[in-house]
Amino acid sequence: MVLSLAAGWNAGAARDQVRRATSRRASLAACRGEGADPAGGEGPWHDLPVAHTSNQRVWLRLARLPAPEGRAGRELAALGQRLAVALHAEQHEHQLRERATRDSLTGLLNRFGLVEAVDQLVQAQAATPFAVVYMDLDGFKEINDAYGHEVGDCVLREVAARLRNCIGPRALAMARPGGDEFVFVLPADAQAALRAHIESVMQAVRVPYSVPPRLLPLAASLGMAQYPSHGTSRDELLKHADLAMYTAKGAGRNVLVEFEPALAAEQAGRLALRHDLRHALAGQQMFVVFQPRVRSNDRQIASVEALLRWRHPDKGLVSPDTFIALAEESGFIIELGLWVLRQALQQFAAWRADPQAPVRHLSVNLSPVQLADPAFPEALHALMQEFDIRPGELELEITEGALIQDVDAAVTRLAALRAHGVAIALDDFGVGYSAMRYLNRLPFDTLKIDKSFVFAFGIERPALAIATAIVALAKALDKRVVAEGVETPMQADLLQGLGVNELQGYLYGKPQTAAELGRLWGGGDGVMV
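Reading the values: rules and limits
Residues numbered from 1 in each chain as written. Predicted model: local features only at pLDDT ≥ 70, side-chain atom pairs only at ≥ 80, totals over all residues. Heavy atoms only, no water. Helix = DSSP H or I, 4+ residues; strand = E, 2+ residues; numbered from the N terminus. Buried < 20%, exposed > 50% of the residue type's maximum accessible area, 1.4 Å probe, protein only. Contact = heavy atoms within 4.5 Å. Areas by Shrake-Rupley, 256 points an atom, 1.4 Å probe, with all protein chains shown as cover. Pairing = 2+ DSSP bridges. Right-handed = clockwise from strand over helix to strand, strands pointing away. Axes fitted to C-alpha atoms, helices over the stretch in contact; angles between N-to-C directions. Parallel < 35°, antiparallel > 145°, perpendicular 65-115°, else oblique. Nonpolar A, V, L, I, M, F, W, Y, C, P; charged D, E, K, R; others polar. Patch = residues over 30% accessible without salt bridge, like charges linked within 9 Å, V, L, I, M, F, W, Y side chains within 5 Å. Salt bridge = Lys/Arg side-chain N within 4 Å of Asp/Glu carboxyl O.

Novice: Explain the overall build of the chain to me, and be specific about the residues and the numbers.
Specialist: Across its full length, the chain holds 19 helices and 18 strands. Looking at the chain as a whole, 45% of its 529 residues qualify as buried. For the chain, restricting intrachain contacts to residue pairs at least 6 apart in sequence, the fraction spanning at least 24 positions comes to 66%. Only carbon and sulfur atoms are counted for the fraction: they give 53% of the accessible area of the chain, which is about 25,700 Å².

What follows is the structure, given as structure tokens:
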């Protein structure tokens, strides 16, 4: 039998010819019409390779070798050429498909491959329940910024390897759609087994990654949507799993959140609010207020903390906890933070020029996103020069939890800020990490005792003991201490007795505009209570 490829052949037809050629092992006798099928006969056979690629080979089993110059030899050579073209076309198509559906960095499916895989699962007849799990690495941007993209790529490959080792045989699909996001699909016919597999993934990811001489802590936020209860189409399942993952990041990270319908409504509200936030500055909806801080020994105003407020035209005052998180998610916090600094420094310069104003120091909150921005130190320095801010007059507050992800990078960034004469305060100290092993490495000047401890004085016995320990620690490190949330004279007296330097809270004034603060000391000495 002579196999030939017509002029209008396509890759599919070529593959069929290749399969027929390799399965039937066409013989020269069949080409010439002589004798029976050699596969069923007897005698010595000659296996002659006629075409091959890097991973396939086709040969003919011949009853006898043809003369190279004869008709059978020419037909054999022509057949080999056609088979070679067909094989290479098939290999090229396979390579193109792999490139189109595989992530080149990790070898997992890419976004296109993921979409195709979930489509197939949804469209399968008698589809069994399955779960789509979105996983986003927490703090990956900081790793990239601190160690470079080469280390970041190594981390991504390592996470992919851990996924394979953990759930490879069980997973229906594993993908890296892009960035630091991973997606895996698991059977959901047994809920206990499903959650056990997800927990094993979380535990595997949490193992620190070694970048000698350091160990980088890793963690991930996960969101899950199940078929068919959370969606019956590919778009619904991917969207809902993604939404649940972002909810997990907002809930404190390093957790799993399962989709529920209320999340969709909440997300719609957040998206609308984030859109409005982009226009809030231009719409003059943002303003800065100041809360006084007093010296504990004489209760006179020593400094103020600048705080941002948003008065939405329809919703009224929006909680800072809400809109600051939205600004950080969108990256708008970079622009917003510099605007706050400009407003606060401008007002501080005016106070400094007023002999009646007792404010000698200004404190401004710093977002972890701002701290990680390479351009921030120079932008800050330019503002300080513009308003002639002297060393020690400006203090930047940052929560200790924002520094624990990468202490080495935090040390470098904080040191760069202090080089410009900026003081650093660790805000909300005592809540969250409070790891003593890194505290002596961080370049900071002030510890702020969290208001939750101050509020608990007289209510919870450990609260005063913790506050006492924090003050003793600060004094041992030669740091200043500020207590926030002071609302009663009893709390103020206790904190003064512990050796706290400054007190802040509603006892001494709520956050208020500069004009309102001016009326407080307009009569004279700045004594609050």
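Novice: Could you give an account of the pairing of strand 17 (residues 480–483), with specific residues and numbers?
Specialist: Judged from the four bridges that link them, strand 16 (residues 446–449) and strand 17 form a sheet pairing that is parallel. Across the sheet, Lys448 pairs through a bridge with Val482, a residue of strand 17. Relative to strand 18 (residues 502–504), strand 17 is paired through two bridges, and the arrangement is parallel. Of the residues in strand 18, the one forming a bridge with Val482 is Glu502. Handedness of the crossover is the feature at issue here: the chain leaves strand 17, passes through helix 18 (residues 489–498), returns alongside strand 18, and the resulting connection is right-handed.

Novice: Break down the packing of helix 8 (residues 234–250) against helix 9 (residues 261–278) for me, with residues and values.
Specialist: At a closest axis distance of 10 Å, the pairing of helix 8 and helix 9 adopts a crossing angle of 70 degrees. What the angle tells us is that helix 8 and helix 9 run roughly perpendicular. Touching Leu243, Ala244 and Thr247 of helix 8 are Leu263, Ala264 and Gln267, all from helix 9. Its residues assigned to classes, the contact of helix 8 with helix 9 comprises four nonpolar, two polar and no charged.

Novice: Let's hear about a nonpolar patch on the surface: which residues, and what values?
Specialist: Residues Leu464, Met490 and Leu494 make up a contiguous nonpolar surface patch of roughly 220 Å² in combined accessible area. Topologically, Leu494 is positioned in helix 18.

In short, shape yes, function no, at least from these values alone.
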